[in-house]
Structure formats: structure tokens, C-alpha cells
Amino acid sequence: MVLGNGNDIRFWKDNWTTGPLNLSYPDLFHLCRNKDASVSDIFNSDLQHFMRFCWARRLRIGEQQRLRNLVQQLPVISELQSTQDKPAWLRDRQYSSASMSKLLHANTSYRPSSFLLQRIWKEVLPPRIQFFGWLLARDRISSKATLVRRGILHHDLSSCSICSEVESSIHIVLHCHFAWQFWSTLLSRCNVSWVSPGSLDEFFTQWISLSDGRHRKLWKLFWFYGIWHLWKARNKRVFEDEPSDAISLVFWTVCKAVDFHRSHNRGFSYTSSDVFRSIELFYTSCTSLAHDLMNILRIMYIYRGTLKRFGVNRGSVPRSADVAPSGRRWSHLAAREFIP
């Protein structure tokens, strides 16, 4: 847009400087009451300055600095012109379909749907862990990167206390060296080698895909209690200067998850120590075990037929009705009888 009298150009949403200001300064745009204000509404002709902002609250120190940066980015003008505002195609460049596509993508705030957000309220969890998971999926926990974005911390203080990377929400529960050590310790007890996923949705999806048996609910509890205890360990490290041990945190996570699972599943007879010692049994897929048992039963069936053909006394060989394969029936029986 080419600035004229400023009546038709929206201050925050239109591209009249180097780009839409609501994308460059989303924190200030969120605090502004009149998000559709025109340039003429914000410009003070008496003081020849852009200063007619209306905020939802008083700006903090970091936000005041962001506002000064925004004002310095604006063009220096003594007064608005009397001519009408005019649209311009990418600063008088020639129109092309590629430039239109680029413009549409630049002005569209696209947010992908979160698989975890869709599932979090359907899971049986303690309320505080459920609420924390919801905040984490929305990137709303008070990580250092979030506090810097809100203007509470200076950007020089945004690094993690362990690995010196920017401490974002996903960094705390996944990409931090301590978090990687925690998940690796837990999965190594199941003989699983893993690579850290790129996003929280990918992490949650991969985690629940590791177990599709009768203990899948418990396996998901390990994940939710894991992110919760990683967050608590981070807070102890930051506010109380108390280090945490990955192995002890894994044990504590498993114990708390099993205790909660037992309180909602009275038929679950295993203790926390039992599960921690043999956690690989609760990771193993019931489907894969049932498939192996089906193969064993079919071998027994062939063996019985061979004995009958040569007239050999079967002795303790099971009857045909016990060993003949019958589709899903044996899968369910095997899962119920042979899997802990």
C-alpha cells in the first residue's frame, strides 16, 4: 500500500511498511485494543508522531522496548497527505502468479491442527497433568522463550540452564539433553533405540504407536507423567538449584503412573516395582505376541495330523478342537491367557 491520508490503510494488518506489523510484532498486536485501527487513527498530527495506541494494560519493560523498535521502523513523516491511499503490487513490481502465492502465504496465519490437542481431554489423567498437557500443546507454559516473548525476561536470559539452547516448551520436554537422557533411559529398558522427533505431535504419535495391546493406557500414562516430571525437574533446577537424576526420575515417573493406573483399574495386580523391573513386558505389542502364538498353534495342528496319519498314539497331544486355528478366536485367547 502507498500511504496517502492513511484512512484506508489498517495500521497493523496491511502491508504499508516492510510487512504487516501484526506479524512482526504479534505480542504488541495482541495487547492492542483496536486491532483494525487505520494509520490516521494512530498518527498524531500535532506531535508528528505515531503514538495513539490503546493498550489492554500497561506495557512491561520488554514490551516498551519492542514498541520503540516498532516506531523506529515506521516512516518519518511530518503530516499525512491529502490524497487517497493507493494499493501497489509489491512496490510497483509486475504481477505474477508466483508473487500472488507468496503474498497469500505471507498474510495467512496458518496454524496446523494439533493431534495432542484433540486427544488431551479424552484421556483419563490427573487434572493438573491434563491441564499442563493442554498448555504444552498450545505452547503456553512459562518457558524462558515464552517469558521473553511476553517481555518479562530479557532475550539474553532465554537459554537453557543445561545445554545453553533457547529454552522453548518443546525443548524442556524433548530436545533438551536432560530430556533426551530421560526418554532414552526409559526406552532402553524396553530395548528400543530412538531418534528425537521434531514436534510434540510427532513425539506423542510415535509413543502411542509403540504399544497397541491391553496395556496401552498405561504406556500413554508413562508419556504424560514423563513430560510432567520433566517440567517439575526443570522448575527445581531453575528456582531451587536442585539437580535431577534421569534414572531416579524414570523410576518416579513409572511409580506414579502405575499407582494412578491401579486406582482406575482394580484388576491390575502389578505393583510399581514389578512394572519397573519388567517394563518391556508392558511395552510389547499384544498383537505381535498373539501372531507368534498363532504360528505355534498351527505347528501343533500340523504335528497332530502327522501323528494321526502314521497311527502314532497321541498321548498328551491336544484335541483338534483345542488346537485347530479359528481366526480371531485364538488371537483373543492368546492375548488373554499368555500376555501379562
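All figures in this text were calculated on a predicted structure; none of them were measured in a lab. (Residues numbered from 1 in each chain as written. Predicted model: local features only at pLDDT ≥ 70, side-chain atom pairs only at ≥ 80, totals over all residues. Heavy atoms only, no water.)

### Comments concerning the side chain of Ser 38
Point 1. On the secondary structure map, Ser 38 appears in the loop between helix H2 (26–31) and helix H3 (39–42).
Point 2. Ser 38 sits in the buried class, given a relative accessible area of 9%.
Point 3. Reaching out from Ser 38, the side chain makes a polar contact with the side chain of Asp 41 at a distance of 3.0 Å.
Point 4. When sequence neighbours within four positions are dropped, the list of residues in contact with Ser 38 reads Gly 6, Asn 7, Ile 9, Arg 10 and Phe 11. (Helix = DSSP H or I, 4+ residues; strand = E, 2+ residues; numbered from the N terminus. Buried < 20%, exposed > 50% of the residue type's maximum accessible area, 1.4 Å probe, protein only. Polar contact = N/O pair within 3.5 Å; in protein donor to acceptor, adjacent residues only side chain to side chain. Contact = heavy atoms within 4.5 Å.)

### A short note on the environment of Leu 28
Point 1. Within the secondary structure, Leu 28 sits in helix H2.
Point 2. A relative accessible area of 0% places Leu 28 in the buried class.
Point 3. Leu 28 sits 31 residues away from Leu 59 along the chain, and the two C-alpha atoms are 8.9 Å apart.
Point 4. Beyond its immediate sequence surroundings of up to four residues, Leu 28 is in contact with Trp 12, Trp 55, Leu 59, Glu 63, Arg 66, Leu 67 and Leu 70.

### Section: the state of the cysteines
Point 1. Evaluation of the coordinates by the stated rule reveals zero disulfides.
Point 2. With no disulfide of its own, Cys 32 lies closest to Cys 54 among cysteine sulfurs, the gap being 6.9 Å. (Disulfide = S-S within 2.5 Å.)

### Points about the packing of aromatic side chains
Point 1. Per the stated rule, a full pass over the model turns up 24 aromatic pairs.
Point 2. Ring geometry for Trp 194 and Phe 203: centres 5.9 Å apart, planes at 25 degrees, overall stacked.
Point 3. Under the relative-accessibility criterion, Phe 203 is labelled buried at 2%.
Point 4. Ring pairing ties together the aromatic residues Phe 115, Phe 182, Trp 183, Trp 194, Phe 203, Phe 204, Trp 207, Trp 219, Phe 222, Trp 223 and Phe 224, which thus form one cluster.
Point 5. Over the ring of Phe 276 we find Arg 189; its NZ or CZ atom is 4.1 Å from the centre of that ring. (Phe/Tyr/Trp six-rings, centres within 6.5 Å; stacked < 30°, edge-to-face > 60°. Lys NZ or Arg CZ within 6 Å of the ring centre and 35° of its normal.)

### Some points on the packing of helix H11 (residues 200–209) against helix H12 (residues 216–239)
Point 1. Two numbers describe how H11 lies on H12: the axes approach to 9 Å, and their chain directions differ by 150 degrees. The orientation of H11 relative to H12 falls into the category roughly antiparallel. Regarding H11 and H12, the two cross each other, and that crossing is right-handed. Side by side, H11 and H12 meet where Leu 200, Phe 203, Phe 204, Trp 207 and Ile 208 of the first sit next to Arg 216, Trp 219, Lys 220, Phe 222, Trp 223 and Phe 224 of the second.
Point 2. Residue composition of the contact of H11 with H12, by class: nine nonpolar, no polar and two charged. (Axes fitted to C-alpha atoms, helices over the stretch in contact; angles between N-to-C directions. Parallel < 35°, antiparallel > 145°, perpendicular 65-115°, else oblique. Left-handed = near helix turned anticlockwise from the far one by under 90°. Nonpolar A, V, L, I, M, F, W, Y, C, P; charged D, E, K, R; others polar.)

### Regarding the confidence of the model for the chain
Point 1. Per-chain confidence: the chain averages 78 in pLDDT, with 70% of residues scoring 70 or above.
Point 2. Note that pLDDT drops below 50 for residues 107–113; the model gives that stretch seven contacts with residues more than four away or on any other chain.
Point 3. Note that residues 285–291 has pLDDT below 50 and, in this model, 10 contacts with residues that lie over four places away or in other chains. (pLDDT = per-residue confidence, 0-100.)

### Things to note about helix H13 (residues 246–264)
Point 1. The end-to-end C-alpha separation of H13 is 27 Å, in line with the 27 Å expected for 19 residues at 1.5 Å each.
Point 2. Listing the buried residues of H13 in full gives Ala 246, Leu 249, Val 250, Thr 253, Val 254, Cys 255, Ala 257, Val 258, Phe 260 and His 261.
Point 3. Where H13 is buried, its residues meet helix H10 (177–188), H12, helix H14 (272–277) and helix H15 (279–283).
Point 4. One side-chain oxygen of the residue at the start of H13 lies 3.4 Å from the amide nitrogen of Ile 247, identifying that residue as Asp 245. (Expected span 1.5 Å × (residues − 1).)

### So, the nonpolar core
Point 1. Counting 52 residues, the largest nonpolar core has Trp 183, Trp 207, Phe 222, Trp 223, Phe 224 and Val 254 as the members making the most contacts within it.
Point 2. Within the residue set of this core, elements represented by two or more residues are helix H7 (127–137), helix H9 (169–175), H10, H11, H12, H13, H14 and H15.
Point 3. With residues near it in sequence (within four places) discarded, Trp 183 still touches Val 173, Trp 194, Phe 203, Trp 207, Phe 222, Trp 223, Gly 226, Ile 227 and Leu 230.
Point 4. Counting residues in each nonpolar core, the second largest holds 22 residues, with Phe 11, Cys 32, Phe 50 and Phe 53 among its members. (Core = buried A, V, L, I, M, F, W, Y, C linked by side-chain atoms within 4.5 Å.)

### A word on unusual backbone geometry
Point 1. A positive phi angle is found at Ser 164, which is not glycine, with a value near 65 degrees.
Point 2. Within the secondary structure layout, Ser 164 lies in the loop between helix H8 (144–149) and H9.
Point 3. When its relative accessible area of 58% is taken as the criterion, Ser 164 is described as exposed.

### With respect to the packing of H7 against H12
The angle between the axes and the distance between the axes are what describe a pair of packed helices.
Point 1. One can describe the packing of H7 onto H12 by two numbers: an axis separation of 10 Å at closest approach and a directional angle of 80 degrees. By the angle between their axes, H7 is roughly perpendicular relative to H12. Across the interface between the two elements, Arg 128, Ile 129, Phe 132 and Leu 136 of H7 pack against Phe 224, Tyr 225, Ile 227, Trp 228 and Trp 231 of H12.
Point 2. A per-class count over the contact of H7 with H12 returns eight nonpolar, no polar and one charged.

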